[in-house]
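Chain by chain, the residues run as shown.
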2 protein chains.
Amino acid sequence: MQEEQSTDGRRRVVVAAVGPNVESGRYAVKRTLGDEVGAWADLVIDGHDQLAAVLLVRGPVGGAWRELPMRPAGPRWPDRWAADFAVDALGTWEFAVEAWVDRFASWRHGFERKFAAGQEIDVELRIGEALVREAAARAAAAGAAADARALTLAADGLVDPAAPPAARAAAALSPGLASLSAAHPDRALSTRSPRPLPVLVERERARFTSWYEFFPRSLGGGARHGTLRDAAAMLPYVAGLGFDVVYLPPIHPIGRTYRKGPNNSLTAGPGDPGSPWAIGAAEGGHTELHPELGTLEDFAALVARADELGMEIALDVAFQAAPDHPWVSEHPEWFVRRPDGSFQYAENPPKKYQDVYPFDFGCDDWRGLWRALADVFLTWASRGVRVFRVDNPHTKPVPFWRWCLAEVRARYPDAVFLAEAFTRPLMLHELAKVGFSQSYTYFTWRTSKRELEGYLRELRGPELSEYLRPSFWPNTPDILPENLQVGGRASFALRLVLAATLAASYGIYGPSFELCDAGALPDREEYRDSEKYQLRAWDLVAPQSLRHLIARVNRIRREHPALQHDEGLAFHRCDDDALIVYSKTHGGGDPVLVVVNLDPFHKRSGWIELDAAALGLPREGSYQVHDLISDARYLWSGARNYVELDPASTPAHVFVIRRQVRREQNFDYYL
Amino acid sequence: MQEEQSTDGRRRVVVAAVGPNVESGRYAVKRTLGDEVGAWADLVIDGHDQLAAVLLVRGPVGGAWRELPMRPAGPRWPDRWAADFAVDALGTWEFAVEAWVDRFASWRHGFERKFAAGQEIDVELRIGEALVREAAARAAAAGAAADARALTLAADGLVDPAAPPAARAAAALSPGLASLSAAHPDRALSTRSPRPLPVLVERERARFTSWYEFFPRSLGGGARHGTLRDAAAMLPYVAGLGFDVVYLPPIHPIGRTYRKGPNNSLTAGPGDPGSPWAIGAAEGGHTELHPELGTLEDFAALVARADELGMEIALDVAFQAAPDHPWVSEHPEWFVRRPDGSFQYAENPPKKYQDVYPFDFGCDDWRGLWRALADVFLTWASRGVRVFRVDNPHTKPVPFWRWCLAEVRARYPDAVFLAEAFTRPLMLHELAKVGFSQSYTYFTWRTSKRELEGYLRELRGPELSEYLRPSFWPNTPDILPENLQVGGRASFALRLVLAATLAASYGIYGPSFELCDAGALPDREEYRDSEKYQLRAWDLVAPQSLRHLIARVNRIRREHPALQHDEGLAFHRCDDDALIVYSKTHGGGDPVLVVVNLDPFHKRSGWIELDAAALGLPREGSYQVHDLISDARYLWSGARNYVELDPASTPAHVFVIRRQVRREQNFDYYL
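Position numbers for residues start from 1 in each chain and track the written sequence from start to end. Both sets of labels track the order of writing: A upward for chains, 1 upward for ligands. Given that this is a predicted model, residues contribute local features only at a pLDDT of at least 70 and side-chain atom pairs are listed and counted only at 80 or more, while totals for whole chains, interfaces and linings are drawn from all residues. Each side-chain value is worked out from all heavy atoms of the structure, with water and hydrogens disregarded.

**Q** When you look at the interface of chain B and chain A in this model, what are you seeing that I'm missing?
**A** Frequently, the measure chosen for interface size is the accessible area removed from exposure when the parts meet. Should any heavy atoms of two residues lie within 4.5 Å, those residues are counted as being in contact. The interface is formed by 68 residues belonging to chain B together with 69 residues belonging to chain A. The term buried area denotes the loss of accessible surface (1.4 Å probe radius) that occurs when two parts are joined, taken as the sum for both partners. Both sides together, the interface formed by chain B and chain A hides about 5,700 Å², and carbon and sulfur atoms give 57% of it. Salt bridges, as used here, are contacts in which a Lys or Arg side-chain nitrogen is within 4 Å of a carboxyl oxygen on Asp or Glu. At the boundary of chain B and chain A, one finds six salt bridges. The closest approach of N and O atoms between Lys114 of chain A and Glu347 of chain B, which form a salt bridge, is 2.6 Å.

Rendered as structure tokens:
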């Protein structure tokens, strides 16, 4: 049943498992540039023989296979072997394992014990001699003449009748001979792992991103339509908040037929701007700019300004067409036609979305359609965009995404894709598997301690965490969740801290978010007077603004590597169910400990019980915790400590634990 | 990265996962004859379309593929589909999944909602009409003329200008049309699961076995060498104990060169019988009988007698040769030769086992050797043996076992193999993966509540439990564990109950076990005066015998299906750490609840906390628990109940819970 085993039954080593992997290599695990990939293999051999193994590694696109020696992973993992490799290029890497019986090492292992027990060694040394001569022959065949000579001399020495037995035994057991022999192994009967396992290597922003979404058209102060130049002028504010990706809703011409009015009303007035997701008009489609936003020169200036500020522009890619989209007339074959000749609009019966035609991904010319859609990414990439937020990917075929993301990455391996897959878990997971860098998640609706802990444990599961990178969003233009509608400013603050410290990537839809806009349509998660359908004006310096808290939290994220990885999250107990306590420890630097009061209305206090071992805390004595939000410092001791958080001021502590304060330093004060 | 997807991008359904499986189908899951295999598939589709799926199933050896409809698995498992199939033949079955978009069902789903919302339906019905006509064409092409006619009539009806809209809508939504259309699906763009998943189907004894091991040669009463006739005379005693597999240590000629004496001494006296595992002498090798045991006629009589008593004879297969084995001279190429021309004996340096030569599985004539070894199984199978206990399988190559077990099963699909893989976990698991029916486990050394619960949870893990069937042995001729050496009769009793109720398969090495023989070599797990090296005499009716307890426990196992499966094990809390509490609920019948006092020295008592929901207990009111060992009955209520066990009498309760006592029955008493 192991297809990888050749028919030669003498290949005795079984490569029982290799990792990291997703579904035995059906999908890639995800890593970022510069990571050390900790590869491992479970190697099984009958009897007492010694093994040797190499990791075979190949970089992206035509990279040659390299070999790295594998070593036993240690006593905690019997029969597990390990090797690390650094991924220093973007793209899909592959690795495999090859293992074999090291006959010289096996012999040496037994010989050592027999010699120590005072057993007869003459015949044993003749067995060793033969193995060393075989290694010499392999060395010679490989052109390693010096090694071949050294091995031949060593073989002669093992059976030199003039040498005393102790000297011959010492020569047999010398580390030099062991490594010389290991350098010319007999791999004729080695076993390879079933198939190479892929690793998708992306740049750091695929893992660690702070997203800020806004509508450029609302930047005209309410009186006029905002432009890309206004957006460029907005960038210093966003940079000041500490974000690194500025994400714009679609910036393409907006359809006029069936255009939606304010609050998603069915008819738009003459001045209504329409939904940016109804893409395409006489002025063009997915590769053109909405004329009221400006020109491609303005866009280039915006990209350049973001770059100056250490940020990137991310575009929204929404694959659907307004009835006025040029493709509707140029490529009617890319759409579904009804028996009366009309184009099929989007619908979720009985709801109709007549302002939008879905593409027919399964049309006869699917290859042409797919090509055109991939070219949308490539066009914007050629204009300097490398980060894409993909709208509703779950309503397009999974095979399309698999092909399209690979197609874009082949040209732009630094492209980053965020899936707005607000759908059922399996589709959410599938889209991550086929290549989306990051995924929107259900965080938006997880509010209690039990829900949050359970959800994070699920995301950190051994397989899911290898391919799904969560992006936590407290709000989006589509979703003003109940928790923000009713919880007031404190709920915005606490959701911000949760999103920014639980996940390495998070985002907010602003300025709505930092201004604590909680106006919703009745009994809906939908914003009242949503910017999706009308222009808004925002007072960025309004007193309720959370901009200072956000700036501080983003600075903490930048300064503390533990918050830049999803790994290393641990929850700690607290006797108050409204206080959630967790630590992050990955990536070097001090551990970060977060306490959030999930109750936006009441002061809550309680005793927390830290997993001291996990945090590397001293068993006795005290240590300092420094709240990076309030700048307060506390001296704690042991695992049990008291916390108290008032949502009226700040609903969270973000502590850094100063483990490295040495006793001697404090001692000076008392001299 | 999904190799199963064809290059046609229009195959939109993703078969994300299929099960049950072991490592994505690299190995077979195990089932027994008559089982219903609960197959499932996770199916992912973009958008709102409706799916249809079939399970493809193929029986062993040339079976044709059958199709079974799959259904959604229910709201607890969104996007999971399921179908069961019964396995009614021995051998390796295969299954796969094929799924596709059901375009008529998708249309019908939307149409139903649009019609209910009072929307225009004329154009909609024309879409439906076209889909029904396509189904009619497929029916006609498949030769289903009646279906084709019915579908054509239905299509006509959908657009019949004479029919009122409500009537046409009702016809469109009729269940008859739905199933007629579903019977002729468009599977041109269906998706198949990556590769068929194997299921190894064995007979019931592969899952549920009570093993009894004894040495026939000790049945001569001590004065003479026991025989197979003595063994036949012993069978009624073993049947009376309730065992169903009688396992004999090797019964082949025993080597004379380097024969071991009593207690594994290096030299044997003239009357010493030697170790049965030193196989082969002038009289023959693995396919011959030791002359002192009797003839092949005696063996046939033994097999027949066992069959009469509802039992089977199991043989020990130990692939190694004494220096006198005929193969040593006939096939010296099957052994390793040392440089001085001598044969390499077994060793684990500095230990030497000069009475035994290992086979060289990697010799040039490995094919010839492997064939001869498989023929050992086939020879004994031709003599009526179908159950084999394999000695030290972990010192032979895994690829050999994979080939050999399949080779034997090809001729004897009812063969059952027990692996004596007392080795590291990965090899233990690997041997189970490549086909051993049952495996010795670490149960022998797991004694505390924490150890037992942890180990059973590991064995019941989602993947391990699909391929590894544990066989629990409190003792073997090689192992008299410390817990039995020091715990007296009570420790034998409690280990018996644990083994027989925690695992569906278990075994003892008797009569040593039931007579509570605790004589060990100092500081060793080895029996003193072991039957491995000398004849022993046993007094089967000695007062300390546990035969009555064993007979009762085996009867309980036969009468309660819950104990015949490894599934359905749950642990329950108890405030005394020496009292372990667990229930078994699989296989129909009443749940069985077991309480064992792990302390062989002291009476222990405590409050147990039952998982009432898992056991289907009433939330209020009382229920009867009936101790099948003591025959006592208790009336319990709720989850919390008191237990007390004195090791001086019986160290365990094996309760059956009588859930079905109806209140009305009791009520009669009070009328």
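**Q** Is there a simple way to explain the relation of the copies chain B and chain A in this structure?
**A** Each copy of the chain is related to the other by a rotation around an axis and a translation along that axis. The least-squares superposition of copies is restricted to C-alpha atoms, and to residues with a pLDDT of at least 70 in both copies. For the pair chain B and chain A, the best superposition has an RMSD of 0.1 Å and corresponds to a rotation of 180 degrees with a translation of 0.0 Å parallel to the axis. Given the turn and translation reported, the copies of this chain are related as if by a two-fold rotation axis. Relative to the rotation axis, the C-alpha of Ser24 of chain B is the closest in chain B, positioned 3.5 Å from it.

**Q** What exactly am I supposed to notice about the sheet that holds strand 20 (residues 438-440) of chain A here?
**A** Hydrogen bonding along the main chain pairs the strands of a sheet, whether they run parallel or antiparallel. Residues and elements named next belong to chain A. One requirement defines pairing of two strands: DSSP has to find at least two bridges between them. Strands are runs of DSSP state E lasting at least 2 residues, helices are runs of H or I lasting at least 4, and numbering of each runs from the N terminus. Spatially, the eight strands close up into a barrel ordered 11-12-13-18-19-20-21-22, and their pairing is parallel. The sheet shows a mean angle of 30 degrees between the axes of neighbouring strands, direction not considered. Alignment of strand 13 (residues 312-317) against strand 18 (residues 387-390), held across four bridges, turns out to be parallel. When the sheet's bridge partners are listed, Asp316 is paired in strand 18 with Arg389. Set on the sheet, helix 6 (residues 228-241) makes contact with strand 11 (209-213) and strand 12 (245-248); between it and strand 11 the angle comes to about 140 degrees. Between the N-to-C directions of two axes lies an angle of 0 to 180 degrees, each axis being a line fitted to C-alpha atoms and, for a helix, fitted only over the stretch in contact.

**Q** Looking at this model, I keep getting lost on the nonpolar core. Mind explaining?
**A** Soluble globular proteins tend to pack their nonpolar side chains together in the buried interior. Nonpolar cores are built from buried Ala, Val, Leu, Ile, Met, Phe, Trp, Tyr and Cys residues. Side-chain atoms within 4.5 Å join them into one set. For each residue, the accessible area found with a 1.4 Å probe, counting protein chains only, is set against the maximum for its type, and the residue is called buried under 20%, exposed over 50%, and partly exposed in between. One finds Leu55, Phe85, Phe299, Phe377, Trp401, Leu498 and Val596 of chain B to be the most contacted residues of the largest nonpolar core, which totals 167 residues. Ranked by residue count, the leading element in this core is helix 9 (residues 366-382) of chain B, at eleven residues. If you look at the next biggest cluster of nonpolar residues, it comprises 164 residues, including Leu378, Ala381, Ala562 and Val656 of chain A.

**Q** Got a minute to help me understand the environment of Asp35 of chain A in this structure?
**A** Residue and element names in this part refer to chain A. With respect to the helices and strands, Asp35 occurs in the loop between strand 2 (29-32) and strand 3 (36-44). When sequence neighbours within four positions are dropped, the list of residues in contact with Asp35 reads Phe85, Ala86, Val87 and Arg207. Counted as a polar contact is a pair of N or O atoms within 3.5 Å, where, for protein atoms, one must be capable of donating a hydrogen and the other of accepting one, and residues adjacent in sequence contribute only when both atoms are in side chains. Only 2.9 Å separates the side chain of Asp35 from the backbone nitrogen of Thr32, close enough to count as a polar contact.

**Q** Would you mind going over unusual backbone geometry with me for this structure?
**A** Across residues other than glycine, the phi torsion is negative in most instances, and most of the peptide bonds are trans. Following Gly510 of chain A, the chain continues to Pro511 of chain A via a peptide bond in cis, the omega torsion being -10 degrees. Secondary-structure assignment places Pro511 of chain A in the loop between strand 22 (505-509) and helix 15 (547-559). At the junction of Gly19 of chain B and Pro20 of chain B, the peptide bond is cis and its omega measures out at 5 degrees in the coordinates. Looking at where Pro20 of chain B falls in the secondary structure, it is placed in the loop between strand 1 (14-19) and strand 2 (29-32). Phi angles above zero are rare outside glycine, and Ser24 of chain A is one such case at about 55 degrees. Relative to the elements of secondary structure, Ser24 of chain A occurs in the loop between strand 1 (14-19) and strand 2. Positive phi, close to 45 degrees, is recorded for Asn392 of chain B, a residue that is not glycine.

**Q** Where do I start with the pairing of strand 28 (residues 633-637) of chain B in this structure?
**A** Residues in a regular strand point their side chains to alternate faces of the sheet. Residue and element names in this part refer to chain B. As paired elements, strand 27 (residues 622-627) and strand 28 share five bridges and run antiparallel to each other. Each bridged residue has a counterpart across the sheet, and for Tyr623 the counterpart in strand 28 is Trp636. Linking two consecutive strands that pair antiparallel, namely strand 27 and strand 28, is a turn of five residues; a positive phi of about 70 degrees is found at Asp631 within it.

**Q** How do you make sense of the packing of helix 1 (residues 103-116) of chain A against helix 2 (residues 122-141) of chain A when you look at a structure like this?
**A** All names here are of chain A. With their axes 10 Å apart at the nearest point, helix 1 and helix 2 run at an angle of 160 degrees to one another. Here helix 2 runs roughly antiparallel to helix 1, going by the angle between their axes. Between helix 1 and helix 2 the crossing geometry is left-handed. Seen from helix 1, the contacting residues are Arg103, Phe104, Trp107, Phe111 and Lys114; seen from helix 2, they are Glu124, Leu125, Ile127, Gly128, Leu131, Val132 and Glu134. Split by residue class, the contact of helix 1 with helix 2 holds seven nonpolar, one polar and four charged. Comment on the angle field: the value is read as roughly parallel under 35 degrees, roughly antiparallel over 145, roughly perpendicular from 65 to 115, and oblique elsewhere. The sense of a crossing depends on the near helix, which, turned anticlockwise from the far helix by less than a right angle, makes the crossing left-handed and, turned clockwise, makes it right-handed. Classification used: nonpolar for Ala, Val, Leu, Ile, Met, Phe, Trp, Tyr, Cys and Pro, charged for Asp, Glu, Lys and Arg, polar for all others including Gly.

**Q** Where do I start with the environment of Leu289 of chain A in this structure?
**A** All names here are of chain A. Tracing the chain through its elements places Leu289 in the loop between strand 12 and helix 7 (296-308). For the pair Leu289 and Val37, spaced 252 residues apart in sequence, the C-alpha to C-alpha distance is 42 Å. The residues touching Leu289, leaving out its near neighbours within four places in the chain, are Leu228, Ile251, His252, Pro253, Gly294, Thr295, Leu296, Phe299 and Trp380.

**Q** Before we go on, may I ask you to explain the side chain of Asp316 of chain A in this structure?
**A** Residue and element names in this part refer to chain A. Following the sequence through the fold, Asp316 ends up in strand 13. Looking at Asp316, its side chain comes within polar contact range of the side chain of Trp277, at 3.2 Å. Apart from the residues lying within four places of it in its own chain, the contact partners of Asp316 are Tyr247, Leu248, Pro249, Pro250, His252, Trp277, Arg389 and Asp391.

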